[in-house]
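Structural features, examined
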Amino acid sequence: MELKVYYQSQMHLYIEATNMIAFVASVIISIVLSLLMVLVVLHIIKVRNGSKYLKNIKGPKPNPIFGNMLHFAVPSYKIFEVTQKLLDEFGSNVIIYNGPLTRAVLITDVKLIEHILSSMKFIEKSEQYEHMYKWLGTGLLTSGGLKWKKRRRMITPSFHFSILENFVDVFENVGDVFVKKLEEHVDKPSFDIYPIISLCTLDVMCETSMGTPINALNNASSDYVRSVKNMCKILTDRNFSPLDRRFYPFTLNFYREQFALKVLHRHTDAVIDRRMKEFRVNSDQSSETNDCGIKKRMAFLDLLLRSTIDGKSLTREDIREEVDTFMFEGHDTTSSAIGFALYSLANNPLVQQKALEEQMEIFKDLKNTRATMADLQNMKYLELVIKETLRLYPSVPILGRRVKEEFEWENSIFPKDIQVILFAYGCQRSDKNYEKPLEFIPERFLDMDGTDPFKYIPFSAGPRNCIGQKFALLEMKSTISKVLRNFKLLPANPNPGLRLAPEIILVSKNGINVCLKKRF
Ligand code: HEM
């Protein structure tokens, strides 16, 4: 009898629990359905109301829930293919719904690119750059408005010729270690050169921006090096995540980011504190010379310590923003460009031969000479090779801006706050802008005078162009020249080619594979 009562009560509990679950499930389903309904209605209203705007700009039909994002739900190395199809179908500017209610315009029209890039009205960055705030704060790359203007004015003199000249030694020293590392791969039929280049450019940026070597080439597993790499990966993941940003704190990357940030900021803060102390101690003497009276090399950090805005020195946080920005913006961009330049030289033997002949004219002893600033400036053909590399493989393939003011363009009104995606990669590979656009022809830059400068924007253009482009060009010349003089570059065997993908920078998902033979 007791057992029966027990079973009955258990059964009763079971039915109650089942009813409760069914009730909760139906509430959740109703909420989700209502939200979807609201989304669909808002989407329809938005699309209808939007008809006043962007009248002459077409795009694929958006889905009320995902917008056009399902088009981009492909492996990252297929994104360029998808984008090209959209441009072929809808013209040189395309509307893309990057969510149910938000849209952006993908732009390859050179005149429209010029209109946006050349104007002080359109200097605000798009919302993707906000993912970088935790690491870079609002330094030169991510800031906008008055803060950006003041910082730009303050930092511009740090890239003066006389300051860059001091960095040539750093390029050369790190380049020597780089060549030693490459020697470990000589005669292999194929190897991915990119990871070694990336450590090389990290070493250059650490020493030039903080004045402290990190020796990444020989210590790739140091906490700082791993954290820089992890942060770059996390930023890429966030840019392509279909998850709404509000869910980010519930992802593993959020915790990885916290950890990486601690390491990165601790390192930069420690270097800044040390240099600040030295600066205070030396401020009565000339801190620009060492104990023997020899002129010391100034890192960007030292220049920032001496800078003022509105008569006030920068705080530690201000300086950290800029130093971290140089670390981020200066290392991966340059490694991408060096990687694709070496790949292009390996796969274009006649171009490589011409570049080598130029090196032979400049250096009597190809192997043991260190390049000077004058040597680097004499590398005219190598400069064409680098320019052509950045045309076909722009390190920053996409530039994002948020339009802060409504404007009209060829009978289409661009609404305030719309995001525009300036597609440098598409523009620089279009047959509207270049003959034989997919061929690697450095000589094309010999007679580019008088053609539209906005069809070539690897360093962006206008007021927010790359402040580090001269630095980057010198670093690239120094590094590529060393590789050319020490090794013959050959295509990888077998040659897997490149699987290009627009991450934060342009990458090849299957690596940058080449083969090296020693020249001596
Ligand atoms: C091949 C190498 C490089 C390429 C292709 C490149 C490209 C670019 C591009 C396209 C922008 C504009 C980004 C945007 O509007 O979102 C930019 C901005 C910037 N770059 Fe570079 N960059 C390179 C190297 C460097 C180096 C070596 C440094 C530092 C030493 C640097 C520092 C910066 C900074 C601080 C900005 C922000 C400028 C501003 O908004 O005022 N870049 N770069």
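Please read all numbers here as calculations on a predicted model, not as lab measurements.

This next bit is on the overall build of the chain. Within the chain, the secondary structure is distributed over 16 helices and 13 strands. Every one of the 520 residues in the chain was classed for burial, and the buried ones make up 51%. Considering only residue pairs separated by 6 or more positions, the chain has 74% of its internal contacts joining residues 24 or more positions apart. Split by element, the accessible area of the chain, about 25800 Å² in all, is 57% carbon and sulfur.

Right, let's talk about the sheet that holds strand E3 (residues 191-192) for a bit. Pairing within the open sheet is antiparallel, and its three strands lie in the order E3-E13-E10. Of all strands in the sheet, those bounded by a partner on one side alone are E3 and strand E10 (487-491). For E10 and strand E13 (residues 513-518), the ladder comprises five bridges, and the chain directions are antiparallel. The residue of E13 that forms the bridge with leucine 490 is cysteine 515. Packed on one face of the sheet, helix H6 (residues 161-183) meets E3, E10 and E13 and runs near 55 degrees to E10.

Judged by nonpolar contacts, the single largest core of 123 residues is most densely connected at Trp135 and Ile480. For this core, the element with the most residues is helix H11 (residues 316-347), which contributes 13 residues. In this view, isoleucine 480 contacts Ile338, Ala341, Leu342, Leu345, Leu382 and Ile386; residues no more than four positions away in its chain are not counted. The next biggest cluster of nonpolar side chains, apart from the first, holds 27 residues, and it includes Val403, Ile418, Leu422 and Ala424.

In the neighbourhood of the ligand, 30 residues make up the surrounding shell, with Tyr129, Trp148, Arg152, Glu329 and Cys466 lying closest. In the model, an oxygen atom of the ligand is placed 2.7 Å from a nitrogen or oxygen of the arginine 152 side chain. Within the contact set of the ligand, a nitrogen atom lies 2.9 Å away from a side-chain nitrogen or oxygen of glutamate 329. Of all the elements in the fold, those that place two or more residues in the shell around the ligand are helix H5 (145-155), H11, strand E6 (398-402) and helix H16 (469-486). With seven residues, H11 is the largest single contributor of residues to the shell around the ligand. When grouped by side-chain class, the residues that make up the shell around the ligand number 17 nonpolar, eight polar and five charged.

Let us now look at the packing of aromatic side chains. According to the stated counting rule, one finds 17 aromatic pairs in the structure shown. On the basis of an interplanar angle of 80 degrees and a centroid distance of 5.6 Å, the ring pair of tyrosine 248 and phenylalanine 254 is categorised as edge-to-face. Summarising the burial analysis for this pair, tyrosine 248 and phenylalanine 254 share the class buried. Taken together, a centroid distance of 4.8 Å and an interplanar angle of 55 degrees make the contact between phenylalanine 300 and phenylalanine 326 tilted. A residue pair is termed long-range when its members are at least 10 positions apart, and phenylalanine 300 in helix H10 (residues 300-305) and phenylalanine 326 in helix H11 qualify at 26 residues. Each member of the pair, phenylalanine 300 together with phenylalanine 326, is buried. Between arginine 485 and the ring centre of phenylalanine 363, over which it is positioned, the NZ or CZ distance is 4.0 Å.

Moving on: the sheet that holds strand E2 (residues 103-107). Pairing in this open sheet of four strands is mixed, and the strands run E1-E2-E9-E6 from one edge to the other. Each having just a single partner strand, strand E1 (93-97) and E6 make up the two edges of the open sheet. Taken pair by pair, the neighbouring strands of this sheet meet at an average axis angle of 25 degrees, ignoring direction. Across five bridges, the pairing between E1 and E2 is antiparallel.

For any two helices packed against each other, one specifies the inter-axial angle together with the distance between the axes. It is at 5 Å that the axes of H11 and helix H12 (residues 349-362) come closest, and there the two elements cross at 110 degrees. The angle between H11 and H12 places the two elements in the roughly perpendicular class. Contact with H11, carried on its side by Leu345, Ala346 and Asn347, involves Pro349, Val351, Gln352 and Ala355 of H12 and no other residues of that element. Partitioning the contact of H11 with H12 into residue classes produces five nonpolar, two polar and no charged.

The subject of this paragraph is the UniProt feature "binding site: heme" (unreviewed entry) in the chain. Mapped onto the present numbering, the UniProt feature "binding site: heme" (unreviewed entry) falls on Cys466. Take cysteine 466: it is sitting in the loop between helix H15 (424-428) and H16.

As a further point, take the state of the cysteines. By the definition in use, this model includes zero disulfides. This cysteine, cysteine 200, is not joined by any disulfide, and cysteine 206 carries the nearest cysteine sulfur, 12 Å off. Cysteine 427 forms no disulfide, and the closest cysteine sulfur to it belongs to cysteine 466, at a distance of 18 Å.

Moving on: helix H7 (residues 194-210). With 17 residues, H7 extends 24 Å from end C-alpha to end C-alpha; this agrees with the ideal 24 Å at 1.5 Å per step. Glycine 211 lies just past H7 and shows a positive phi near 75 degrees.

A few words on the packing of H12 against H16. H16 packs onto H12 with a crossing angle of 100 degrees between their chain directions and a minimal axis gap of 10 Å. Between H12 and H16, the crossing angle belongs to the class labelled roughly perpendicular. Between H12, through Gln352, Ala355, Leu356 and Gln359, and H16, the contact on the second element is made entirely by Ser481, Leu484 and Arg485.

Of all the five residues making up E6, four are buried; the element is thus mostly covered by neighbouring parts of the structure. Direction of pairing for E6 relative to strand E9 (residues 419-423): antiparallel, over a ladder of five bridges. Paired with leucine 399 across the strands is leucine 422, a residue of E9.

Put simply, asparagine 493 and proline 494 share a cis peptide bond, and its omega is -5 degrees. Its location among the elements puts proline 494 in the loop between E10 and strand E11 (500-502). Positive phi is not limited to glycine here, since glutamate 410 has a value of about 45 degrees. On the secondary structure map, glutamate 410 appears in the loop between strand E7 (407-409) and strand E8 (412-414).

Conventions and cut-offs
Residues numbered from 1 in each chain as written. Predicted model: local features only at pLDDT ≥ 70, side-chain atom pairs only at ≥ 80, totals over all residues. Heavy atoms only, no water. Helix = DSSP H or I, 4+ residues; strand = E, 2+ residues; numbered from the N terminus. Buried < 20%, exposed > 50% of the residue type's maximum accessible area, 1.4 Å probe, protein only. Contact = heavy atoms within 4.5 Å. Areas by Shrake-Rupley, 256 points an atom, 1.4 Å probe, with all protein chains shown as cover. Pairing = 2+ DSSP bridges. Axes fitted to C-alpha atoms, helices over the stretch in contact; angles between N-to-C directions. Core = buried A, V, L, I, M, F, W, Y, C linked by side-chain atoms within 4.5 Å. Near = heavy atom within 4 Å. Polar contact = N/O pair within 3.5 Å; in protein donor to acceptor, adjacent residues only side chain to side chain. Nonpolar A, V, L, I, M, F, W, Y, C, P; charged D, E, K, R; others polar. Phe/Tyr/Trp six-rings, centres within 6.5 Å; stacked < 30°, edge-to-face > 60°. Lys NZ or Arg CZ within 6 Å of the ring centre and 35° of its normal. Parallel < 35°, antiparallel > 145°, perpendicular 65-115°, else oblique. UniProt positions renumbered as here; feature names shortened; annotations may be inferred. Disulfide = S-S within 2.5 Å. Expected span 1.5 Å × (residues − 1).

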